[in-house]
Amino acid sequence: MNIENSRDYYGQVLQGSADLKTDACCTIEAPAPEILEALANVHPDVKARYYGCGLIAPEAAEGMRILDLGSGSGQDAYLLAQLAGPEGSVVGVDTTPEQLAVAREHLDWHAERFGYRNVEFVEGDIEQLDTLGLEPASFDIIVSNCVINLVADKAKVFRDAHALLKPGGEFYFSDVYAERRVPAPLRADPVLHGECLSGALYWGDFDRLAKEAGFRDPRLVTDRPLAIGDPAVAEKVAGIRFFSATYRLFKLDGLEPACEDYGQAVRYKGTIPGHERAFMLDGHHVIEKGRMFAVCGNTWRMLAETRFAEHFEFFGDFSTHYGIFPGCGDLMPYDAAPASDAVSGCC
């Protein structure tokens, strides 16, 4: 049901973001000025068919080879193309012909606008990435925006993404999660599925699947409770809280299951464009320029063994272990503000 319903819902039922019944597939947070500038260079027809649930703009993307899973009409791909620049490239994968037609129709328009051509779109199911001719270990960054909840075999998506990333690469993505497992009868509802609710992973299951795929320390960047404005939809899912969340998953063999303390620290140089004052690795690591910042061994590796290394100074090694890093825990990671506090709206 999942792939067929996705094609029908996003290809036929929805004609634009205004047709959505919830804000699950909308982006709420205000983009940074450089992102707004890049969005201004995206064709209006592409933006009109945008259904993402988060802001997918990974830092330090210049020169990177990027894969966009569930690229839809192409907004994120064309945004990322500008962040990657002429030395980088973006490959978008989507299974909905109507969405792909919009994305491909404007390839020449964007190439002229940017002054270079670095985007291509591939028709395919993100559950079958291993059949699309994509070279293993060839991407620096993989992104997705509110699409993993739409597929049935989520574990395979994580495994295939891990295989396609270079060592030190990153899967940076937004999706919808639930505070508990969604009951089977709701998972079969086509509207709830199309609105990104019935396929939402229980956050604990996501954490397990990500780690089983090789992403050993998932990092939560941002999250917000979802607002459900349609009374019929709200009634169907009454009692279940849903969250939009953005995560970073790094392909690093040295990561440990928990955050271990080795007495290490980093100092940010302030050299990532658009993030000169501070760099936000995740919700618990906002690293100001010039300050010594104590980190666990996993965080140290996420900065020292990835594209971020040139932007930091590193202090310490792994010679002495001091136990678990203060503040680690296993409770639900999201801000559980009541859903009534959430503000609905699409960009």
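All figures in this text were calculated on a predicted structure; none of them were measured in a lab. Along each chain, the written sequence defines residue order, and numbers are assigned to residues from 1. In keeping with the predicted nature of the model, local features appear solely for residues at pLDDT of at least 70, side-chain atom pairs appear and are counted solely at 80 or more, and the whole-chain, interface and lining totals rest on all residues. Here the side-chain values reflect all heavy atoms present in the structure, with hydrogen atoms and water set aside.

Here's the deal with the pairing of strand β2 (residues 89–94)
The side chains of a regular strand alternate, residue by residue, between the two faces of the sheet.
So, step 1. Most of β2 is tucked away, with 5 of its 6 residues classed as buried.
So, step 2. Strands qualify as paired when DSSP identifies two bridges or more between them. Comment: elements are numbered from the N terminus, with helices defined as DSSP H or I runs of at least four residues and strands as E runs of at least two. Here strand β1 (residues 65–69) pairs with β2 via 5 bridges, running parallel. By the bridge assignment for β2, Ile 66 is matched with Val 90.
So, step 3. Where β2 lies against strand β3 (residues 119–123), 5 bridges are found, and the strand directions are parallel. Across the sheet, the residue bridging to Gly 92 is Phe 121, located in β3. Here's how the labels work: a residue is buried when its accessible area is under 20% of the maximum for its type, exposed when over 50%, partly exposed in between, all with a 1.4 Å probe on protein chains only.

Structural notes on unusual backbone geometry
So, step 1. In the Ramachandran plot, Ala 60 falls in the positive-phi region, its phi being about 55° despite a non-glycine side chain.
So, step 2. Tracing the backbone through its elements, the reader meets Ala 60 in the loop between α3 (44–48) and β1.
So, step 3. Phi at Ala 137 takes a positive value of approximately 55°, unusual for a residue other than glycine.
So, step 4. Inspection of the secondary structure puts Ala 137 in the loop between β3 and β4 (139–145).
So, step 5. Residue class for Ala 137 comes out partly exposed when judged on its relative accessible area of 37%.

Some thoughts on the sheet that holds strand β13 (residues 312–315)
So, step 1. As summarised here, the arrangement of the 3 strands in space is β12-β9-β13, forming an open sheet in which the pairing is antiparallel. Across the chains shown, the open sheet's two edge strands, defined by having one partner strand only, are β12 (292–295) and β13. Ignoring which end each strand starts from, the neighbouring axes of this sheet average 30° apart.
So, step 2. As paired strands, strand β9 (residues 264–268) and β12 are joined by 4 bridges and run antiparallel to one another. Each bridged residue has a counterpart across the sheet, and for Ala 265 the counterpart in β12 is Ala 294. What counts as an axis is a line fitted to C-alpha atoms, over the stretch in contact for a helix, and the angles between N-to-C directions run from 0 to 180 degrees.

Describing the packing of aromatic side chains
So, step 1. Each Phe, Tyr or Trp ring (for Trp, its six-membered ring) is paired with any other whose centre lies within 6.5 Å, and the angle between the two planes then decides the class: stacked below 30 degrees, edge-to-face above 60, tilted in between. A full pass over the atoms with the stated rule returns 23 aromatic pairs.
So, step 2. Ring plane angle 25° and centroid distance 6.3 Å describe the contact between Phe 173 and Tyr 247, whose orientation is recorded as stacked. Of this pair, Phe 173 sits in strand β5 (residues 165–178) while Tyr 247 is found in strand β8 (residues 242–250), placing the two residues 74 residues apart along the sequence.
So, step 3. The exposure class of Phe 173 is buried, given its relative accessible area of 0%.
So, step 4. Ring centres of Phe 243 and Tyr 334 lie 5.0 Å apart, and the angle between their planes is 35°; on these two criteria the pair is classed as tilted. Here the residue Phe 243 occupies a position in strand β8, and Tyr 334 occupies one in the segment after β13, the gap between them amounting to 91 residues. Tyr 334 shares its class with Phe 243; the two are buried.
So, step 5. The rings of Phe 158, Phe 171, Phe 173, Tyr 177, Phe 206, Phe 215, Phe 243, Tyr 247 and Tyr 334 are connected pair by pair, giving a single aromatic cluster.
So, step 6. Either the NZ atom of lysine or the CZ atom of arginine qualifies as a charge over a ring when it sits within 6 Å of the ring centre and within 35 degrees of the ring normal. For Arg 65, the ring lying beneath its charged end belongs to Phe 139, and the centroid distance is 4.1 Å.
So, step 7. Positioned over the ring face of Phe 318 is Arg 301, at 4.2 Å from the centre of the ring.

Observations regarding the state of the cysteines
So, step 1. The rule for a disulfide is simple: a pair of cysteine sulfur atoms within 2.5 Å. Summed over all chains, the structure comprises 0 disulfides.
So, step 2. Cys 296 takes part in no disulfide bond, and the closest cysteine sulfur to it belongs to Cys 259, at a distance of 3.8 Å.
So, step 3. Look at Cys 296 and you get buried, because its relative accessible area is 2%.

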